[in-house]
Amino acid sequence: MSQSVLLQALVYLAAAVLFVPLAKRFGLGSVLGYLLAGMVIGPAVLGLVGEEGQDVMHVAEFGVVIMLFLVGLELEPALLWKLRTPILGLGGLQVVVTSLALAGLAMVAGIEWKPALALGLILAMSSTAIVLQTYKEQNQLGTPAGQGTFSVLLFQDIAVIPILAILPLLAMQPAAAGEAAAADHNLLASAPGWLRALALVLAVVSVVVLGKYGMRPIFRLVARSGLREVFIATALLLVGGVALLMELVGLSPALGAFVAGVVLATSEYKHEIESDIDPFKGLLLGLFFMSVGAAIDFGLIRENPLLIAGAVLAIMLVKTAVLLVLGQRFTGNRAQNVTLALGLSQIGEFAFVLLSFTNQNGILDQRITSIATAVVAISMALTPLVFLLNERVIQPRLGPPAAPEREADAIEEKNPVIIAGFGRYGNIVGRFLRANDIGTTVLDFDADRVETLRQLGLRVYYGDASRYDLLHAAGASQAKVIIIALDSSERALELVELVRRHFPHLRILVRAHDRPDAYGFIEAGLTDVYRETVDSSLRLGVDALRLLGVRAYHAQRAARTFLRHDELAMRELAAVHKDRKTYFSTARQRIQELEQLLHFDAANENLREVDEGWDNESLRQEAPPAPSAPTAPQTPVV
Amino acid sequence: MARILIQFAHPALEKSRVNRRLIAAVESLDFVTVNDLYEQYPDFDIDVHREQELLLAHEVVVLHHPFYWYSSPALIKQWEDLVLEHGWAYGRTGNALAGKQMLNAITTGGKQEAYQETGSNRYTIQQLLAPFEQTARLCKMQYLPPFVVHGSLRITDAEIDAAALRYRELLTLLATGQVTEYATLQTPVLTDLAN
């Protein structure tokens, strides 16, 4: 038994390891890789996994739960409030209009209105897992299309609850065995309505309260123990617990996890939780996609090829058309709107859940359910291809403004100074320049930081400064100066190359993390290189000298002399820093010189920087000899 | 042709009306070097070596500055303290500047009448500039009558233009060695365009 579990795990892992990198290599994205891996190991091709695929899918749904938790973590309540219009407007309209349209289509196909409406509601869902994962990989969540997509998906996740409530009303025949199966997951399935509503409210409130007041002390305690794996376990426990609680009261576990994530979004452990459970999300989602791939019933498809192909095509067209009409007002851009509409054209994983629910409750018959399941799986498998089609074929044809594959913020201002990187260094420079009425265009690659800075009321644009189009949009051709304060010196050097090649008129001022970094920049031919610690270290040194009784002006000038010589020595050493022997001998020599210089050695004639004008030994020597000691007043000798 | 070094010092040049125009009028002359001290040494950290080389390379030194508190802005004083070293500019072996000429080019807020023994400032410009004159003497230099623009607070644009033109003409006289002509033009009546 345990051996077979291990064997299964090996099959899944091997398939993932084999197919996902291959898919990525061909530019297909990881989701398609997982789906292909699933199809190959599934009953259709190798048959390595069979019926158990269903069980695996159930476990793997936890990946979707974790994903929504992580999405929630990144959305602070304030941001969510800002998105309320697209969530309710675009998301709500999409669910209603798409459901009705698809129901109509089903009725045309000869299905009665009740099951048709049920089908419409089920098929209106889109795949949170695939779409969000793809957008995340392509870094597109911040674009208008990304925001709209997210809003629609979020609304769908919320809509699952009322849909689960409505579906039983559409039953054609009384539920038989279904009731018991549903009760497995939902303790309150048979409880009266008011009790269910109360439990629902209680569950959500307890998640919010626990997240806000309970989890922080627990995380603090666990973090203090220093055991990383326990921290990870705590995070997983939290997600799992919330998911289970939600399932017990009949809510979507993914939605519960999302709420928990939002509640923790302002917590100081946000980033730690995020990075700790992110790998689990990836693996579980992968497992989920593989089980979808494995679950595709190729036998059924072979029997009804035209019916299924037609259904997939018709449904995806209807879903796209609805969003093409609805989305225009929300994205305000044709290219973005097409991305939004096509991106959500598939049917989502919630459909599997809803289909098995409707089947159990006798709303849809077995044949429709199986065909619909195949349709859902195929439409999900087609999604990565639709993304590719949109990206490679459709978007380029929509002409300008061609949406870059990683849309950055639109930048409206043109300023004389561009600052790349607004971390602890860049932001001081930027604030100083702004305080002096110098316009600065700030680019930063850290989305969190951008968000925080915006909340502080600073204008900061999210984007990768080492991309030509973004730099161009930031006004690099009109600007005079670019200040590079990126955290990584490799990226800074890339940016230097880019600026040199495309905007040679820009004066480059670069922050160097330390001396080796500085050598790299000097070697690249930059003259304005600023080591971030030098000036503040010297200020501290000056204060130390003063505390030890050295006069302030003297201490200050000593620091300036030191800095001047250190800069000279650095430039000299940059030329030889790769030759360790010369480097060390030169460095030793410069250090010695500098120390001598600051020793105020009167005998050292080469070093004139020191106060010769103010304290001149030569003047003393040349001065006429002091009058001989005044003769002591005559005192009577007694 | 004598080369002229203008040691220019104005701590708030961006607010200056007169000095900016005066400098603009002469900096294009090819025998003139303008050494903007506040631009060069914003932290008063004077490069003595560079300054001495500059002095050696010119025959006439113009200390050009607004007349603050009957003297120069602080950086000119710092420059004197550090650059005019004993044994180099003065003293038994200090002959580096011997024979060169020095003068002040100044702007004053007050009118010329104020700089009279009977005026509110109680001393004439020449009397107030005595420390500079004596500094030049100690360095074995010839001290020339100053170029003064009075009443810089109220002066009109046309008057500034006239003063700038005159500054340019006088420097040209000095560069071409017409020191006597320069001196007669300057003494005893100082430029007073603002009346």
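Quick summary incoming for the structure in this document.

## A short note on the overall build of chain A
Turning to step 1, where the next piece is worked out: Along chain A, the regular secondary structure elements total 27 helices and 6 strands.
Turning to step 2, where the next piece is worked out: For chain A, the residues scored as buried account for 46% of the 638 residues in total.
Turning to step 3, where the next piece is worked out: Considering only contacts within chain A whose residues lie at least 6 apart along the sequence, 74% involve residues at least 24 apart.
Turning to step 4, where the next piece is worked out: As presented, chain A carries roughly 32500 Å² of accessible surface, and 64% of it is formed by carbon and sulfur atoms.

## Let's talk about the pattern of salt bridges
Residues and elements named next belong to chain A.
Turning to step 1, where the next piece is worked out: Following the criterion strictly, the structure yields 17 salt bridges over all chains and no others.
Turning to step 2, where the next piece is worked out: The closest approach of N and O atoms between Arg-507 and Asp-528, which form a salt bridge, is 2.8 Å. Placement of Arg-507 in strand β5 (residues 507-512) and of Asp-528 in the loop between α23 (515-523) and β6 (529-531) is noted, with a sequence separation of 21 residues between them.
Turning to step 3, where the next piece is worked out: Classification of Arg-507 as partly exposed rests on a relative accessible area of 48%.
Turning to step 4, where the next piece is worked out: Residues Arg-515 and Asp-566 are paired through a salt bridge, measuring 3.5 Å at the closest nitrogen-oxygen approach. With Arg-515 in helix α23 and Asp-566 in helix α25 (residues 552-576), the pair connects residues that are 51 residues apart, well separated along the chain.

## Overview of the interface of chain B and chain A
Turning to step 1, where the next piece is worked out: Taken residue by residue, the interface counts 13 residues in chain B and 11 residues in chain A.
Turning to step 2, where the next piece is worked out: Summing both sides of the interface, chain B and chain A together bury roughly 1200 Å²; the carbon and sulfur share of this comes to 42%.
Turning to step 3, where the next piece is worked out: Three residues, Asp-45, Glu-85 and His-86 of chain B, lead the burial of chain B against chain A; their summed loss comes to 44% of the area buried on that side.
Turning to step 4, where the next piece is worked out: At the junction of chain B with chain A, the criterion picks out 3 salt bridges.
Turning to step 5, where the next piece is worked out: A salt bridge links Asp-45 of chain B to Arg-564 of chain A; the shortest N-O distance between them is 2.4 Å.
Turning to step 6, where the next piece is worked out: Here chain B and chain A share 6 residue pairs in polar contact (both at pLDDT 80 or more) between them.
Turning to step 7, where the next piece is worked out: It is helix α4 (residues 74-83) of chain B that provides the largest number of residues to the side of chain B that touches chain A, a total of 3 residues.
Turning to step 8, where the next piece is worked out: Of the residues belonging to the side of chain B that touches chain A, the class tally is 3 nonpolar, 5 polar and 5 charged.

## Examining the pairing of strand β2 (residues 32-36) of chain B
Residues and elements named next belong to chain B.
Turning to step 1, where the next piece is worked out: Bridge count between strand β1 (residues 4-8) and β2: 5 bridges; the pairing is parallel. Within β2, the residue paired with Phe-8 across the bridge is Asp-36.
Turning to step 2, where the next piece is worked out: Crossover handedness for the path β1 to helix α1 (residues 18-26) to β2: right-handed.

## Notes on the nonpolar core
Turning to step 1, where the next piece is worked out: Among the nonpolar cores identified, the biggest contains 122 residues, and Phe-69, Phe-219, Ile-273 and Phe-289 of chain A are the most heavily contacted of them.
Turning to step 2, where the next piece is worked out: Within the second largest apolar cluster, 35 residues are counted, among which are Ala-9, Leu-63, Ala-89 and Met-102 of chain B.

## Quick notes on helix α12 (residues 253-264) of chain A
Since there are 3.6 residues in each turn of an α-helix, residues three or four apart along the chain are aligned in direction.
Residue and element names in this part refer to chain A.
Turning to step 1, where the next piece is worked out: Helix length check: α12 (12 residues) gives 17 Å between terminal C-alpha atoms against 16 Å at 1.5 Å per residue, within 8%.
Turning to step 2, where the next piece is worked out: Extensive coverage of α12 is indicated by the burial of 10 of its 12 residues.
Turning to step 3, where the next piece is worked out: Listed as buried for α12 are Ala-254, Leu-255, Gly-256, Ala-257, Phe-258, Ala-260, Gly-261, Val-262, Val-263 and Leu-264.

## Side note on a nonpolar patch on the surface
Turning to step 1, where the next piece is worked out: A cluster of nonpolar side chains, Leu-93, Val-96, Val-97 and Leu-100 of chain A, forms an exposed patch at the surface whose accessible area comes to about 330 Å².
Turning to step 2, where the next piece is worked out: Within the fold, Leu-100 of chain A resides in helix α5 (residues 84-108).

Rules and cut-offs
- Residues numbered from 1 in each chain as written.
- Chains lettered and ligands numbered in written order.
- Predicted model: local features only at pLDDT ≥ 70, side-chain atom pairs only at ≥ 80, totals over all residues.
- Heavy atoms only, no water.
- Helix = DSSP H or I, 4+ residues; strand = E, 2+ residues; numbered from the N terminus.
- Buried < 20%, exposed > 50% of the residue type's maximum accessible area, 1.4 Å probe, protein only.
- Contact = heavy atoms within 4.5 Å.
- Areas by Shrake-Rupley, 256 points an atom, 1.4 Å probe, with all protein chains shown as cover.
- Salt bridge = Lys/Arg side-chain N within 4 Å of Asp/Glu carboxyl O.
- Buried area = accessible area lost by both parts, 1.4 Å probe.
- Polar contact = N/O pair within 3.5 Å; in protein donor to acceptor, adjacent residues only side chain to side chain.
- Nonpolar A, V, L, I, M, F, W, Y, C, P; charged D, E, K, R; others polar.
- Pairing = 2+ DSSP bridges.
- Right-handed = clockwise from strand over helix to strand, strands pointing away.
- Core = buried A, V, L, I, M, F, W, Y, C linked by side-chain atoms within 4.5 Å.
- Expected span 1.5 Å × (residues − 1).
- Patch = residues over 30% accessible without salt bridge, like charges linked within 9 Å, V, L, I, M, F, W, Y side chains within 5 Å.

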